[in-house]
Amino acid sequence: GKRGRSSAFASVSVINILSTDTTQFLICLPLLNQVWAAPAQIMLATYFLFDLLGYAALVGIFILALMAPVSWWINDAMQRCRTRQMEVSDRRVKLCSEVLAGIRVVKYMSWEKKFTRQILTLREKELFYIKRFTFLFASSLYCLLVLPVFA
């Protein structure tokens, strides 16, 4: 009945949330060392740059300072993208659950193609946001790891 469907949807939602949380944890795990290492790297690099280049080192430090707002913007865009992806993912999972719960009616009324099209459309949107997030994540890593080398 109705209670069975809502509990099935709730368990699917919990699984969806757990997989997302696990993904977020795996993304953050390699960056945890940056909490203590980044300030030490900045101080050491600044010291060595001044020692080696003198006041010309200020140009590199200025470029790095300019990259902070870019990094904030990229991270904000990543958060918005992840939120939209989760909304689409939840809608797709809910639709799949409803189709599976009413599979007899779907088969009897020959609605397979209609629901398949709806599910695939939602999956395409979901993949669009996943690809965008991946691009933004790569851009964030570029700003964090590559640009300091060139500055």
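Before any of the text, the structure's been laid out above.
Anyway, here's the lowdown on the structure attached to this text. Every chain is numbered on its own, with residues counted from 1 as its sequence reads. Predicted model: local features are reported for residues with pLDDT of at least 70 only, side-chain atom pairs are reported and counted for 80 or more only, and whole-chain, interface and lining totals are derived from all residues. Hydrogens and waters are ignored; side-chain quantities use all the structure's heavy atoms.

### Quick notes on unusual backbone geometry
Of note, the phi angle at S110 is positive, near 55 degrees, even though the residue is not glycine. Relative to the assigned elements, S110 resides in the loop between α4 (103–108) and α5 (112–150). Labels follow the DSSP assignment, with helices taken as runs of H or I lasting at least four residues and strands as runs of E lasting at least two, numbered in each case from the N terminus.

### A few points about the layout of surface pockets
Of the voids in this model, the largest pocket is the one considered here, and its volume is about 1,000 Å³. Using protein atoms alone on a 1 Å grid, points that fit a 1.4 Å probe yet trap it form a cavity, whereas open point sets bounded by protein on both sides within 12 Å along at least five of seven lines form a pocket; residues with an atom within 4 Å of a point count as lining. Taken together, 33 residues make up the lining of the largest pocket; nearest its centre are Q34, A38, C143, L144 and L145. Listed by contribution, the elements that provide at least two residues to the lining of the largest pocket are α1 (2–28), α2 (34–53), α3 (57–101) and α5. Broken down by element, the lining of the largest pocket gets its largest block of residues, ten residues, from α3. In this count, Pro and Cys sit with the nonpolar residues alongside Ala, Val, Leu, Ile, Met, Phe, Trp and Tyr, while Asp, Glu, Lys and Arg are called charged and the others, Gly among them, polar. Residues belonging to the lining of the largest pocket are distributed by class as follows: 23 nonpolar, nine polar and one charged. Grid points are joined across faces, edges and corners, and a volume is the space filled by probe spheres set on the points.

### What about the packing of aromatic side chains?
Between the rings of Phe, Tyr and Trp (Trp by its six-membered ring), a pair exists once the centres lie within 6.5 Å; its type follows the angle of the planes, with under 30 degrees stacked, over 60 edge-to-face, and the other angles tilted. One pass over the full model with this rule turns up three aromatic pairs. Against the face of F133 rests R82, its NZ or CZ located 4.2 Å from the ring centre. Two conditions define a charge sitting above a ring: the NZ of Lys or the CZ of Arg must be within 6 Å of the ring centre, and it must be within 35 degrees of the ring normal.

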